[in-house]
Number of protein chains: 6
Amino acid sequence: MLKTNIQTFIGCEADYRDATHVLYGVPFDGTTSYRPGTRFGPSAVRAESFGLETYSPYQDKDLTDYAVFDSGDLELPFGNPVRVLEAIEARATTILDDGKFPFMVGGEHLVTLGAVRAAFKKHPDLHMIHFDAHTDLRDDYLGEKLSHATVLRRCHDLLGDQKIYHFGIRSGDRPEFKWADEGHTTLQKFNFDGLAQALQAIGNKPVYFTIDLDVLDPSEFPGTGTPEAGGVTFTALIDALIAVSKQANVVACDVNELAPIYDPSGRSTALAGKVIREFLIALQK
Amino acid sequence: MLKTNIQTFIGCEADYRDATHVLYGVPFDGTTSYRPGTRFGPSAVRAESFGLETYSPYQDKDLTDYAVFDSGDLELPFGNPVRVLEAIEARATTILDDGKFPFMVGGEHLVTLGAVRAAFKKHPDLHMIHFDAHTDLRDDYLGEKLSHATVLRRCHDLLGDQKIYHFGIRSGDRPEFKWADEGHTTLQKFNFDGLAQALQAIGNKPVYFTIDLDVLDPSEFPGTGTPEAGGVTFTALIDALIAVSKQANVVACDVNELAPIYDPSGRSTALAGKVIREFLIALQK
Amino acid sequence: MLKTNIQTFIGCEADYRDATHVLYGVPFDGTTSYRPGTRFGPSAVRAESFGLETYSPYQDKDLTDYAVFDSGDLELPFGNPVRVLEAIEARATTILDDGKFPFMVGGEHLVTLGAVRAAFKKHPDLHMIHFDAHTDLRDDYLGEKLSHATVLRRCHDLLGDQKIYHFGIRSGDRPEFKWADEGHTTLQKFNFDGLAQALQAIGNKPVYFTIDLDVLDPSEFPGTGTPEAGGVTFTALIDALIAVSKQANVVACDVNELAPIYDPSGRSTALAGKVIREFLIALQK
Amino acid sequence: MLKTNIQTFIGCEADYRDATHVLYGVPFDGTTSYRPGTRFGPSAVRAESFGLETYSPYQDKDLTDYAVFDSGDLELPFGNPVRVLEAIEARATTILDDGKFPFMVGGEHLVTLGAVRAAFKKHPDLHMIHFDAHTDLRDDYLGEKLSHATVLRRCHDLLGDQKIYHFGIRSGDRPEFKWADEGHTTLQKFNFDGLAQALQAIGNKPVYFTIDLDVLDPSEFPGTGTPEAGGVTFTALIDALIAVSKQANVVACDVNELAPIYDPSGRSTALAGKVIREFLIALQK
Amino acid sequence: MLKTNIQTFIGCEADYRDATHVLYGVPFDGTTSYRPGTRFGPSAVRAESFGLETYSPYQDKDLTDYAVFDSGDLELPFGNPVRVLEAIEARATTILDDGKFPFMVGGEHLVTLGAVRAAFKKHPDLHMIHFDAHTDLRDDYLGEKLSHATVLRRCHDLLGDQKIYHFGIRSGDRPEFKWADEGHTTLQKFNFDGLAQALQAIGNKPVYFTIDLDVLDPSEFPGTGTPEAGGVTFTALIDALIAVSKQANVVACDVNELAPIYDPSGRSTALAGKVIREFLIALQK
Amino acid sequence: MLKTNIQTFIGCEADYRDATHVLYGVPFDGTTSYRPGTRFGPSAVRAESFGLETYSPYQDKDLTDYAVFDSGDLELPFGNPVRVLEAIEARATTILDDGKFPFMVGGEHLVTLGAVRAAFKKHPDLHMIHFDAHTDLRDDYLGEKLSHATVLRRCHDLLGDQKIYHFGIRSGDRPEFKWADEGHTTLQKFNFDGLAQALQAIGNKPVYFTIDLDVLDPSEFPGTGTPEAGGVTFTALIDALIAVSKQANVVACDVNELAPIYDPSGRSTALAGKVIREFLIALQK
């Protein structure tokens, strides 16, 4: 009998019961203030993943050796970030409650807040490692508290001082950099210098790991809404994410801000697929 | 002494005090459920207008014969449609209170609701003429009351039965068409048939006139988020908008849903500029 | 428990057992001699269909009233048209043997041959109705017998003289037009004139109905490899396909030659989705 | 022995000595005031022509039945329109002196002036038939006498009153339309109405026939720098160009303003190729 | 009262009287021999600048701390480079005469000549620092003396031997490299090696500093007409421009050759905006 | 007398008899399993080459100092890889038999097999140097032996163990890497490390040198069907290809996998043109 058309990220075809890691897409960009389009990130990377191999020459492992389940994308009400964050928190909570690892694919960066809330409920001592071109530390954006530009500040509201480590930052308002420098968070400009120290400082504490793909140089990753020249290379990102995944006690994570429409070559989506593949493999213990 | 860089829609350089008509842009697409990008409509059409002539060979008149002021774009908080609509209503109210005609350039179609609220306050017997490919008559969209897909229903909440005339409609859910047919509104599928009768029925009552540019066939206007094959031609649209502008008592209006990014040829933006030029000329008494 | 990610053409979610019509995609463009890309047609139209409504304002019916199953895309060996055609024939045969209607989405036009072979086995008196910009009647193309440019000639090899009716043709070599005129097939240039007579002539005999979407004018359907100016409108196509579907004894069909990459506006894919929706509804008895 | 790579417009492979018609490309857009790119028109249409058939189903004739030579593109000094026009005039004069018909492919519309000068030297009673969206009748453009926007005015300087017939015009400054109306030229807005009368009035006098492809609706021909909504269809253009070519004494001609870069679908270039094919066939006596 | 729509480069909103630095755009590409489009550079970078922050994490300073005025774009007659250069010279002279610093945004590289002429009138001992992929040292280009390909040679005509220092050069004809090597100018291939020595050699003499953005690698800056693989990185460019701005006596400058149309991702324009921001900050004493 | 339009790669205008090196294009991508389009590589790079200089600042030599002939593109039957390979082998054999060096421009990577067959007939001890992102070592691809994904395995069938050296590889199935590691070939992941040793090991034995341009990082070369992040730089590639060309006994070569359509900036084609220029110069003894 003919089968219905199932579409998962490549190599993520485990049964939910067996799965240790669970992918979910959050196609939301409703607070994006500049160029929207990250809503198409999850479906694009899933479709494009069929051009990828499951084997990683970087880690000499194969994604098919592990049990990952792709639970598809959330259906979300545009125009209401409050409800969107509730839906994300619910999905992440379900996955955590089932003893699995929630791996979110955004969407704009605000989506991180929903997943951090879920992880924070489980892990009150939650820390964050944050790769990004942008500080995302404004207290509000045109009066709005919930925005892609405020998301790390909202996470800080929850986690408190000295819990968040930023890397790769090269854009933001002066007060955001100042606020971080006042000891609220640890901010590394431009690159991953200091990552080893951060990992040592964090030790075995639970970590939420969020990767805004615009941390990459726009030459390698043009498919994003706010490209910032002077970013890190793909190779540096892979090295850094493997280091974090292997050394830290990562309890949940996300990869976000792929906006496929700005890259007609498709290579940004292909690259995001590789990041997800390497990330999923690196997270396996 | 060198002058600062002023950018207005071509031919709209009147002093505000002298102006009879006032343009304002609303770069918002925060509830767009499918492909976003209408936020760039107002600035794109303003920039592109410099490729236009001010003279209309259709009406044999010149935009420079009239006094139009371009008040630029509103700055809007993405992620909060309630506040966006308040800002629009405030701008339209200011213009109306100053005895001028508010001419809005969207943005997604939800923005119409803000301007209709302002016009309705002045004109309790307000009617609407609505050119669109879509019904926009859902009562909610994924639970949200404020959405591009519900905007005409929200206008109906305000205006009541038998006040709204739709033309060109060719897409919507079955219940939306049924609801209209039950006598709430007057809906013409596919084209402008019945426009003369509608104008006669409305007579001299105040009219809010909203043009969703996706009423046009996507062959002529690909630059929109939800292209619907089988639309009207530019020539038919110009004829219809001149008829409404000349014969009805239009008290406020808008042109919306230009999403320039989906049309690399730029012709959608150029066409929208012509629609605005013809519209501004036709509205002159 | 979270569900896996199923992706079907919108409204085609019936159980296979219940389904009367079965969709299948054939992502093949291996003999395309000019601009390739129709391999991405089936997946693109499936993904884009979520921007469509299931309700048809043309036929005032809803796709969800019927039982259609989407069996996904075939996996095909590029570089070997012989094996590709065998795979298509096998899929169509399975569907026909299960008493269902096979509805193929291409892919380049050569794919039609595989499905015609399956239908011909069941229906030795098979006729064809063919909408296209191109004759596709060459006997070989650079020495190859199996080609998008020879597919109707290969169908004629099977069906014989006076069985094939072409409409909308506006491109081909002089000998192709001559060959048709010698009485082998019935060829209508440019439009659908003579369709009523053809339907009358065919009567109740079994019909394979193939629509090459490039029969449409490239203004409405730019997303195809060989755009030919001077084509039919979407409205004319919908009228014609409803006429054939309602009046003829259609036993199998296909829609092909969507190449999404050549249309960054996405409207070609959206239009193809509407054609499929209207087609599926019209085929219901 | 291997042959070098010759590239001509399809079917234009006659020996120069035998040729009755001679193609030449003028890749110039140096006075284009808005969006440049017509410099790539000639090479693009030549390359794209290999996707065309040489057979015309419109005229039931084949380009290969005639003797046409493609002499390639002129090499031109950007930044110096005076020298560019001299080069064009020289090429057209050579072709005319050899008793052949010069068929120019632009480039921006200014190039027409060079060829008109050559034709006027041979035919002092030269008339012009001009298909265009734009009047091109300004006396100067920002002080410059030689411009795409003044080209027909410069031709009028040469030919005098009542010699030029414009069709399809839908854009220009008010004074341009007025100047034409004062009896200098005969201007038909929007379409080809009055073409039969014009052909009758011109009778057997020598005609330079210039087609600015932006006379077409931008839906069918987006690949041009200044798209003007509300144009003619491809079918109407073909009919009109066949009428002129067959009935008038055309002594030289051009097709211009293809800017391929604005049309990623490639259909504008394909359409231009068909216009050239139909034009070359229609010009044969 | 509503205000008219002013559009300046972000953070450049000083009153002209107070301003120390004055931006002006020169939207000219009339001698571009290959792919045009730099005419859209100034307006694109101005519009895109609203996606930028005014704060520089590189220099830890904020553009809003300084007084910069944006005087908009010159209106220029295409097809007449002589008059274009006169207009540029006039604008630069006005700014210099008012005791301010002229900061030009091109346009193609020929525009530099106009500003150099103005600076040379004030500073007869003018030197030049030139970042570029191309030599631009031809004596003529197809017989034309004024061309993007000759501009540095024309500057040399004015300034004389040993005054011009080129960096990053990786494309040109053999005679151009030879001519430079004969002692006319100092040419560094591929990168910024030798910049420190050049700055030392120049000392406090007046410097015109011109940056052709195609000195960057096309991977980081695809939005230019003649991309040359093997270029410098954004980070290297920022470091070099800060060094020159801080250490040399720069009296006028320009940034040119952004052609936004070749980069649909928009990142080239965003990068150009950052270069302008960093440049304006670095120039402050 | 006017000349016909000849189009060759820039600087490759020698008479065939005099030529030492002969270019030929193979516009084939018929087995490409993911995104097609390399069929347009040869014609695109030839056309784009006119934006290149013939002088190499890397090698301080000029292509016009050598005798290279461009024999144009093969005409190939899509859908039949067997015949395509025969046609390639025939062309390469002709060139070799005439005592010249065959320089092929692809097309997809499978085309290499045809040229390797020709070279192997002349040089039974043929070795290969292979720059690529992909292993291309599958034994079959969906059951097909002839595929872009199997081409190096097919070459190994011919040449045997220890003859093939791969560099830059970063994508493939696990068994492909294993198979290479078992001693069949020498595979260097990610970069050109070990190239000097390989050249030493090969010594003066005849070498077929194949460059799949996707060995480059997609940031520098997005115009290819399967972009793989983490590639080599243009500068590294130029250095490596000069090293091989100068030190090894290269008897035939190819450059392949340019798919221009995926790079609207055109820089991939420009880069490929530079690679060909540098390659042709480096191959001169």
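Residues numbered from 1 in each chain as written. Chains lettered and ligands numbered in written order. Predicted model: local features only at pLDDT ≥ 70, side-chain atom pairs only at ≥ 80, totals over all residues. Heavy atoms only, no water.

The next point concerns the overall build of chain A. Tallying secondary structure elements over chain A gives 8 helices and 10 strands in all. Radius of gyration (C-alpha) of chain A: 17 Å, near the 19 Å computed for a compact globule of 285 residues. Seen along its three principal axes, the alpha-carbon backbone of chain A occupies a region of about 65 × 40 × 35 Å. Within chain A, the proportion of its 285 residues that are buried is 70%. For chain A, the share of sequence-separated contacts (at least 6 apart) that also reach a separation of at least 24 residues comes to 78%. (Helix = DSSP H or I, 4+ residues; strand = E, 2+ residues; numbered from the N terminus. Rg over C-alpha atoms; globule rule 2.2 N^0.38 Å. Buried < 20%, exposed > 50% of the residue type's maximum accessible area, 1.4 Å probe, protein only. Contact = heavy atoms within 4.5 Å.)

Glancing now at the pattern of salt bridges. Residue and element names in this part refer to chain A. In this structure the tally under the stated criterion is 102 salt bridges over all chains. Between Arg138 and Glu176 there is a salt bridge, with its nearest N and O atoms 3.5 Å apart. Placement of the pair is Arg138 in the loop between strand E6 (127-131) and helix H4 (151-159) and Glu176 in helix H5 (residues 174-184), with a sequence separation of 38 residues. Here Glu176 falls in the buried class, since its relative accessible area comes to 5%. (Salt bridge = Lys/Arg side-chain N within 4 Å of Asp/Glu carboxyl O.)

A separate point is the sheet that holds strand E9 (residues 206-212) of chain A. All names here are of chain A. The strand order across the open sheet formed by 8 strands is E4-E1-E5-E10-E9-E6-E7-E8, and the pairing between neighbours is parallel. Both edges of this open sheet fall to strand E4 (68-73) and strand E8 (186-189), since each of them pairs with a single strand only. For this sheet, the mean angle separating the axes of adjacent strands, direction not counted, is 15°. On top of the sheet, helix H3 (residues 111-122) reaches strand E1 (21-26), strand E5 (101-106), E6, E9 and strand E10 (249-256); it is set at about 170° to E9, its chief contact. (Pairing = 2+ DSSP bridges. Axes fitted to C-alpha atoms, helices over the stretch in contact; angles between N-to-C directions.)

Residue and element names in this part refer to chain A. Of note, Pro42 is situated in helix H1 (residues 41-48). Given a relative accessible area of 2%, Pro42 falls into the buried group. Distance in space between the C-alpha atoms of Pro42 and Ala180 is 31 Å, their sequence separation being 138 residues.

It is worth spelling out the relation of the copies chain F and chain D at this point. One copy of the chain maps onto the other through a rotation about an axis plus a displacement along that axis. The transform that puts chain F on chain D rotates by 180° and translates by 0.0 Å along the axis, for an RMSD of 0.0 Å. Taken together, the rotation angle and the small translation identify this as a two-fold axis. For chain F, the minimum C-alpha distance to the rotation axis belongs to Ile6 of chain F and amounts to 2.2 Å. Most of the interface of chain F is mirrored in chain D: 100% of its interface residues are interface residues there too. (Least-squares fit on C-alpha atoms with pLDDT ≥ 70 in both.)

Often the size quoted for an interface is simply the accessible area lost on bringing the parts together. Counting residues at the interface gives 20 residues for chain F, matched by 20 residues for chain D. Summing both partners gives a buried area of about 1,600 Å² for chain F against chain D, and 64% of it is carried by carbon and sulfur. Its largest share of buried area at the contact with chain D, chain F owes to Met1, Leu2 and Asn5 of chain F, together 42% of the area lost on that side. Our enumeration of links across chain F and chain D arrives at 0 salt bridges. (Buried area = accessible area lost by both parts, 1.4 Å probe.)

With that settled, consider the relation of the copies chain B and chain A. Superposing chain B onto chain A requires a rotation of 180° together with a translation of 0.0 Å along the rotation axis, leaving an RMSD of 0.0 Å. Here 100% of the contact residues of chain B are again contact residues in chain A; the copies associate through an equivalent surface.

So, on to the sheet that holds strand E5 (residues 101-106) of chain E. Residue and element names in this part refer to chain E. The strand order across the open sheet built from 8 strands is E4-E1-E5-E10-E9-E6-E7-E8, with neighbouring strands paired in parallel fashion. Looking along the sheet, the strands with just one partner apiece sit at the ends: strand E4 (68-73) and strand E8 (186-189). The sheet shows a mean angle of 15° between the axes of neighbouring strands, taken without regard to direction. Of the strand pairs in this sheet, strand E7 (residues 164-169) and E8 are connected by 4 bridges, and their pairing is parallel. Bridging from a neighbouring strand, Tyr165 pairs with Thr186 of E8. Along the sheet face, helix H2 (residues 81-97) touches strand E1 (21-26), E4, E5 and strand E10 (249-256) and points at about 175° away from the line of E1.

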